[in-house]
Amino acid sequence: MNTQVLSRRRNLGIIAHIDAGKTTLTERLLWKSGEIHRVGEVHDGNATTDFSAIERERGITIGAAAVQAQWAPRDLPPHRLTLIDTPGHIDFAIEVERSLRVLDGAVAVFSAVDGVQPQSETVWRQARRHRVPLIAFVNKMDRVGASFERVLEQLQDKLRARPWALGVPLGSESGFNGWVDLVDERVLQWQDGAATTMTPWDDAVRAQWHAQRDALVEAVADHDEQLADAWLEGRVIDAGTLRAAIRRATLAGAGVPVLAGAAFKDKGIETLLDAVVDYLPSPLDRPAVSAESEGGEVVLPPDPDGPLAGLLFKITHQQHGALSFVRLYSGTLKVGDAVASSQHPQGRRVSRLVRVQADQTHDIEQAVAGDIVAVLGWKDAVSGETLSGRAQPLRLENIQAQAPVLAWRLEPARAADLIRMAQGLASLAQEDPSFRVETDRDTAETLVWGMGELHLEVMVERLRSEWKVDVGVGSPRVAYQETPMRAMTGVVGRLVKQTGGQGQFAHVVLDVAPREDDQIVFNDRIVGGVVPRSFIAAVE
Ligand code: GDP
């Protein structure tokens, strides 16, 4: 195994506000890269990364599945892309957090009509906190009211990002049909249902766009010395030079390359796939992780020959059994190995190792540092476990679970199902650190705690579909009473009253007006972006 192989891996997430088109885009990316040959429409409920029935009904993506594909831009060798799906709903912030821990880069999808929305802001900030390099994709360019320019402005104003538009969209709304590629100096034309045509700039086109290209070169040169030197010396900045500089500056977190397209119409997908390879990091580009060992802290670069260290970040149950998704940071994991973890210091055997490609799983013999794979068949895995060699136990920093804020009272429809319900709940709690189960000391009722109504609804649905237990749901108890509100500037207000029969709303009065970039944190949860001084918060 050499570093060349690792340099051809991209572990990435696609992050977005609900409805921006993340599911459609994920599908088209997989389809273009040859993994799925029939594009399932999202509203048909056939999307590949959507697993459970409730997701299909609601048309949203909840589970963070890792799906693989291959892509080779220009004359480069094939690169392996692993798409880690991240949910857009705030109730699943823990899932987003978990995904951000294991991915190396991300594509942030925005709707050209709706622009930067509150949840895209939340996820963007989470990504920034994890120092995850980003590319932005402005989707739905074909829709009435679409504006690439407006999204660029919002990226700057609302997200304080430094957007670098790598091209200029051609045609607007339903006439959107192309992209002036400022990096490669060519014009791409996308006709409905036809192949992309690529035309290198001729003198007339160059005369029209060279100033815009120069502006891009200058913007990137401000953050890349090599490019700045070449530019100042008056050298010709060819596509390769500019690409390399954009890559360095993006990896350094200096700016965000921005592309545009219409996923639904298959426009801009190849350009985005190229950009994923060109500008997002490989595992080698990310900082080494550190882990605790018996002898103190150790730093682990992504070395297949290093000690085994992997983070079990997601468990899903499929018809073949439990799939435990693992990000390997160091070492090599082989079928037949016995691996230890804090939960299982004596070790557990890896009997099957799989990659998930579109809707299929493929058995593999081994995985190396930088890979995301799944161990099939572990019944008692716990999300957040570190996998390591038995001889050298290691512990990576665990995923931060947020305290759940809402409880429901559950009762099986048939008393005989009580034990089965308890088993099902215990298994779900094992998968998800922000889902908790407890028995009320006074009333002996079963209470389940989660991050919001949707979160609990999904769990109850899974209890029905996977454990065949029909449950009745009682009114929720809310975990906060007189909770202070915090903004980044400190404590700014207090919760004065809970309204609504089910305690789902709170009347909040802030002592001072929040600043534009403040986020209001409520019981460690972000409840919204800019808010007036007195408002009713849907705290669920
Ligand atoms: P998600 O919630 O972010 O996963 O968004 P979806 O992929 O489910 O898309 C939301 C809706 O927008 C669906 O009805 C899609 O068909 C539609 N959609 C997605 N991309 C585009 C696009 O590029 N153009 C248009 N017109 N509609 C789109």
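The structure presented is a predicted model; accordingly, all values stated were derived computationally and were not measured.

S.K.: Lay out helix H6 (residues 148–157) with the relevant residues and their values.
M.R.: Because an α-helix packs 3.6 residues into every turn, residues spaced three or four apart end up facing the same way. Every buried residue of H6 is listed here: Phe-148, Val-151, Leu-152, Gln-154 and Leu-155. Looking down the long axis of H6, one finds its buried residues gathered within 165 degrees of arc, a one-sided arrangement. The backbone nitrogen of Arg-150 has a side-chain oxygen 3.0 Å away, supplied by the residue at the start of H6, namely Ser-147.

S.K.: So what's going on with the environment of Ala-146? Residues and values would help.
M.R.: Tracing the backbone through its elements, the reader meets Ala-146 in the loop between strand E5 (134–139) and H6. A relative accessible area of 17% places Ala-146 in the buried class. The spacing of Ala-146 and Val-113 is 33 residues in sequence and 4.4 Å in space, taken between C-alpha atoms. Look past the residues within four positions of Ala-146 in its chain and what remains in contact with it is Ala-112, Val-113, Lys-140, Met-141 and Glu-173.

S.K.: Tell me about the site of the ligand, residues and numbers included.
M.R.: Near the ligand, the surroundings consist of 17 residues, among which Asp-19, Lys-22, Thr-23, Thr-24 and Asp-142 are the closest. Note that an oxygen atom of the ligand is positioned 3.0 Å from one of the backbone N or O atoms of Gly-21. Contacts to the ligand include Asp-142, whose side-chain N or O atom sits 2.8 Å from a nitrogen atom. Considering the ligand on its own, with 580 Å² of exposed area, one finds that the protein chains cover 87% of that surface. A total of three residues in the shell around the ligand trace back to one element, the largest contributor, which is helix H2 (residues 22–32). Of the residues belonging to the shell around the ligand, the class tally is six nonpolar, six polar and five charged.

S.K.: Hey, could you go over the sheet that holds strand E12 (residues 289–293) for me, with residue numbers and the actual values?
M.R.: Strand order across the open sheet formed by three strands is E13-E12-E24, with antiparallel pairing between neighbours. Lying at the two open borders of the sheet, with one neighbouring strand each, are strand E13 (296–300) and strand E24 (394–396). Averaged over all pairs of adjacent strands, the angle between strand axes in this sheet comes to 40 degrees, irrespective of strand direction. Bridge analysis of E12 against E24 gives three bridges, and the strand direction is antiparallel. Its bridge partner being in E24, Ala-291 is matched across the sheet by Leu-396.

S.K.: Tell me about the pattern of salt bridges, residues and numbers included.
M.R.: The final tally for this structure, using the stated rule, is 19 salt bridges. Linking Asp-371 and Arg-9 is a salt bridge whose minimum nitrogen-to-oxygen distance equals 2.6 Å. With Asp-371 in the loop between strand E21 (366–368) and strand E22 (372–376) and Arg-9 in strand E1 (residues 9–16), this residue pair connects regions lying 362 residues apart in the sequence. Here the two residues Asp-371 and Arg-9 agree in accessibility, since each one is buried. Across the pair Asp-371 and Arg-80 runs a salt bridge, and its minimum N-O distance is 3.0 Å. Note that Asp-371 is positioned in the loop between E21 and E22 and Arg-80 in strand E3 (residues 79–85), a separation of 291 residues in sequence. Of the two residues, Asp-371 and Arg-80, neither departs from the other in class, the shared state being buried. A cluster of three or more residues bridged by salt bridges with shared partners is formed by Arg-9, Arg-80, Arg-355 and Asp-371.

S.K.: Now, about the pairing of E1: what can you tell me, with residues and values included?
M.R.: Taking burial as the measure, the eight residues of E1 include eight buried ones, the bulk of the element. Neither face of E1 is open: one carries Arg-9, Asn-11, Gly-13 and Ile-15, the other Arg-10, Leu-12, Ile-14 and Ala-16, and all of them are buried. Here five bridges tie E1 to strand E4 (residues 105–111), and the two strands are oriented parallel to one another. From the neighbouring strand, Ile-15 faces E4, where its bridge partner is Ala-108.

S.K.: Which residues make up the packing of aromatic side chains, and what values go with them?
M.R.: With the rule as written, the count across this model stands at four aromatic pairs. Both rings, one in Phe-148 and one in Trp-179, keep their centres 5.8 Å apart while their planes meet at 85 degrees; by these two values the pair is edge-to-face. With a gap of 31 residues between them, Phe-148 in helix H6 and Trp-179 in strand E8 (residues 178–181) connect regions that are remote in the sequence. Taken together, a centroid distance of 6.3 Å and an interplanar angle of 50 degrees make the contact between Phe-313 and Phe-325 tilted.

S.K.: Could you give me a rundown of the packing of H2 against helix H10 (residues 269–279), with the residues and numbers involved?
M.R.: For the pair H2 and H10, interaxial distance at closest approach is 10 Å and the crossing angle is 80 degrees. Relative to H10, the element H2 lies roughly perpendicular. Each of Leu-25, Arg-28, Leu-29 and Lys-32 in H2 lies in contact with H10, whose residues at this interface are Ile-269, Glu-270, Leu-272 and Leu-273. A breakdown of the residues in the contact of H2 with H10 according to their chemical character gives five nonpolar, no polar and three charged.

Cut-off values and rules
- Residues numbered from 1 in each chain as written.
- Predicted model: local features only at pLDDT ≥ 70, side-chain atom pairs only at ≥ 80, totals over all residues.
- Heavy atoms only, no water.
- Buried < 20%, exposed > 50% of the residue type's maximum accessible area, 1.4 Å probe, protein only.
- Helix = DSSP H or I, 4+ residues; strand = E, 2+ residues; numbered from the N terminus.
- Arc of directions from axis to C-beta.
- Polar contact = N/O pair within 3.5 Å; in protein donor to acceptor, adjacent residues only side chain to side chain.
- Contact = heavy atoms within 4.5 Å.
- Near = heavy atom within 4 Å.
- Areas by Shrake-Rupley, 256 points an atom, 1.4 Å probe, with all protein chains shown as cover.
- Nonpolar A, V, L, I, M, F, W, Y, C, P; charged D, E, K, R; others polar.
- Pairing = 2+ DSSP bridges.
- Axes fitted to C-alpha atoms, helices over the stretch in contact; angles between N-to-C directions.
- Salt bridge = Lys/Arg side-chain N within 4 Å of Asp/Glu carboxyl O.
- Phe/Tyr/Trp six-rings, centres within 6.5 Å; stacked < 30°, edge-to-face > 60°.
- Parallel < 35°, antiparallel > 145°, perpendicular 65-115°, else oblique.

Nothing here speaks to function; it is all geometry.
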